[in-house]
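Structural features, examined
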Amino acid sequence: MFTIEHEFDSTVITLVDEGEQPLQEDVVINNFAECVTLEQLDPRTDQIQKITLSPEQVRDLAAALDLPEGVYQIRETGSQGS
């Protein structure tokens, strides 16, 4: 299950683990114009762990989810005009 909320400066997506036990803590994704952050409570330390990704890293992650094992580099191509 997940939720989507639109805040003033970001879109917030919360992923809730509904799988089999043991369940993982919720993951909160904040999508800002300049970066994306992922936050999750670490129950061992009772602290929030945060990862920050650039828009390019998010693009690469999205592409990597559908590719086989290997090393890849996404290259932007010029727009095709008339």
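Placed above this text is the structure.
Residues numbered from 1 in each chain as written. Predicted model: local features only at pLDDT ≥ 70, side-chain atom pairs only at ≥ 80, totals over all residues. Heavy atoms only, no water.

A few points about the sheet that holds strand β3 (residues 27-31)
What counts here: A pair of strands is treated as paired once DSSP finds two or more bridges between them. Runs of E in the DSSP output that reach at least two residues are strands. Runs of H or I that reach at least four are helices, and both are numbered from the N terminus. Every angle, taken between N-to-C directions, lies between 0 and 180 degrees, and every axis is a line fitted to C-alpha atoms, over only the stretch in contact when it is a helix.
Taking strand neighbours across the sheet as the criterion, the 5 strands line up as β1-β2-β3-β4-β5 in an open arrangement whose pairing is antiparallel. Two strands lie at the open edges of the sheet, namely β1 (2-6) and β5 (47-53), each paired on one side alone. Averaged over all pairs of adjacent strands, the angle between their axes in this sheet comes to 20°, without regard to strand direction. When strand β2 (residues 11-15) meets β3, the two strands line up antiparallel, connected through 5 bridges. Of the residues in β3, the one forming a bridge with valine 12 is asparagine 30.

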